[in-house]
Each structure stands twice: as C-alpha cells, then as structure tokens.
Amino acid sequence: MNQGISTHRVPLRQFSVPLSATRRGARLARLLAAEKLLAWELPLDPARLVVAELATNAALHGHVPGRGFRLVLSVVPPRTLRIELTDTRGDRLPVSPRATADGHAESGYGLLLVEELTDRWGVRCGPVPSKTVWAELDLGAEAKGATGP
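So, here is what we can say about the structure in this document. This one's a predicted model, so the numbers in the text were calculated from it and none came from an experiment.

How each quantity is defined
- Along each chain, numbering runs from 1 in the same order as the chain's sequence is written.
- Only residues with pLDDT of 70 or above have their local features reported here, since the model is predicted, and side-chain atom pairs are shown and tallied only from 80 upward, although totals for entire chains, interfaces and linings are computed over all residues.
- Working from all heavy atoms in the structure, the side-chain values ignore hydrogens and water.
- Numbering of helices and strands runs from the N terminus, with a helix taken as a DSSP run of H or I at least four residues long and a strand as a DSSP run of E at least two residues long.
- The buried label goes to any residue with under 20% of its type's maximum accessible area, the exposed label to any with over 50%, and the partly exposed label to all in between, with areas taken from a 1.4 Å probe on protein chains only.
- Here, two residues are considered to be in contact whenever any of their heavy atoms come within 4.5 Å of each other.
- Throughout, the Shrake-Rupley method with a 1.4 Å probe supplies accessible areas, and for residues the shown protein chains are the sole cover considered.
- Only the stretch in contact is used when a helix axis is fitted, and all axes are lines through C-alpha atoms; the angle between N-to-C directions ranges over 0 to 180 degrees.
- Should an angle fall under 35 degrees it is called roughly parallel, over 145 degrees roughly antiparallel, and 65 to 115 degrees roughly perpendicular, with every other angle called oblique.
- Each helix crossing is assigned a hand: it is left-handed if the near helix lies turned anticlockwise from the far helix by less than a right angle, otherwise right-handed if that turn is clockwise.
- Amino acid classes used here: Ala, Val, Leu, Ile, Met, Phe, Trp, Tyr, Cys and Pro are nonpolar; Asp, Glu, Lys and Arg are charged; the rest, including Gly, are polar.
- Whether a set of points on the 1 Å grid over the protein atoms alone is a cavity depends on a 1.4 Å probe fitting there but being unable to get out, while an open set qualifies as a pocket with protein on both sides within 12 Å along at least five of seven lines; lining residues are those with an atom within 4 Å of a point.
- Grid points are joined across faces, edges and corners, and a volume is the space filled by probe spheres set on the points.
- Buried Ala, Val, Leu, Ile, Met, Phe, Trp, Tyr and Cys residues that are joined via side-chain atoms within 4.5 Å together make up what is termed a nonpolar core.

**Observations concerning the overall build of the chain**
Tallying secondary structure elements over the chain gives 3 helices and 5 strands in all. The helix and strand sequence of the chain, counted from the amino end, reads β-α-α-β-β-α-β-β. Relative to its full complement of 149 residues, the chain shows a buried share of 43%. Sequence-distant contacts in the chain: of pairs separated by 6 or more residues, those separated by 24 or more amount to 68%. Accessible surface computed for the chain: about 8000 Å², of which carbon and sulfur atoms make up 56%.

In structure tokens form, the structure reads like this:
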C-alpha cells in the first residue's frame, strides 16, 4: 500500500456528499464525481475509475447497516485532485494484493488498479469508528479550472 505522505492543504475547490452504502450509492458516487469533474473542467479519467473502485469498496466492505459513506473531491495546491471515501468500518483496512504473501488473493485487485492509476493513495484511520481511503492524482497543465474557485 502506498502510504505516501499527504500534507493537509487548503482546497481550491471541494465537493462532499453522503451516500448510502449500497451498490446504488456507489454508482451515484461515480456519476456525481463525473458531473463535478466536468463542471470543474477536469479530465474524467482516471479519476472516475478511482472513484468507482473506492465507492464500491466502501459499499461492499465498509458497509454497516444504517450507515453510509462520504465522497469528497477536492482540488488542492499545487494542482492535485484528491479523492476521499470515508466509511464506518475502521476495523477493516484495505490490503493491496501486492502485500499478499501467496499472490492469489480473491479480492483486492481493484486496489491494484487504484495504485496503478494514482500518484499516491493510502488510508487514514478515525475518528472512531471510521476510516478514509484517499487517492491523489497530480493534474497536468491541460487541466483547466484547477487553480481558481
């Protein structure tokens, strides 16, 4: 797992929404993220794929009956898109398939995709009982709107 250090930076743009921890909630996370990225004039991919994977994980593995998850998208200096999914299963931390000893894990391949598509990703625990899985994409010069409100 890439536990790269990500310092707290004041977002230039931010979007946050609570969603139900269901397959429908995961699909809505992907659709809302795509709409927000378009509104911010940022490229859809690979961010849309990362949101889809992390939201699906939150719905399937972070599900607690009666509790949802939260999607947060933010553009932070210098030109970075930060994706965060917070769920209420802080006791279940994601494990990258690269970390499995036998290499024959039946799950976790989506996190391999996240690892390959992002510049950094990791997990922040708390506040109890939650955890946040985050991923960052460094935006190229072609991304418009990443430096203004």
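**Comments concerning the packing of helix 1 (residues 23-39) against helix 2 (residues 47-61)**
Their axes nearest at 8 Å, the elements helix 1 and helix 2 cross at an angle of 155°. Comparing the axis directions of helix 1 and helix 2 gives the class roughly antiparallel. Judged by the twist between their axes, the crossing of helix 1 over helix 2 is right-handed. Contacts between helix 1 and helix 2 pair Arg 23, Ala 26, Ala 29, Arg 30, Ala 33, Ala 34 and Leu 37 from the former with Ala 47, Arg 48, Val 51, Ala 52, Ala 55, Thr 56, Ala 59 and Leu 60 from the latter. Here the contact of helix 1 with helix 2 is composed, by residue class, of 11 nonpolar, 1 polar and 3 charged.

**Some thoughts on the side chain of Asn 57**
With respect to the secondary-structure elements, Asn 57 resides in helix 2. Asn 57 sits in the buried class, given a relative accessible area of 18%. In contact with Asn 57, not counting residues within four places along its chain, are Gly 62 and Leu 111.

**With respect to the layout of surface pockets**
By volume, the largest pocket is sized at about 400 Å³. Residue lining of the largest pocket: 20 residues in total, with Asn 57, His 61, Pro 94, Val 95 and Leu 111 positioned closest to the centre. Taken together, the elements giving at least two residues each to the lining of the largest pocket come down to helix 2, strand 3 (80-87), helix 3 (109-117) and strand 5 (131-138). Per element, the largest residue contribution to the lining of the largest pocket is 6 residues, and it comes from helix 2.

**As for the nonpolar core**
Leu 54, Phe 69, Leu 71, Leu 73, Leu 81 and Ile 83 are the most contacted members of the largest nonpolar core, which totals 32 residues. Contributions of two or more residues to this core are made by strand 1 (13-19), helix 1, helix 2, strand 2 (69-76), strand 3, helix 3, strand 4 (120-125) and strand 5. Among the elements that line this core, the one with the most residues is helix 2, at 7 residues.

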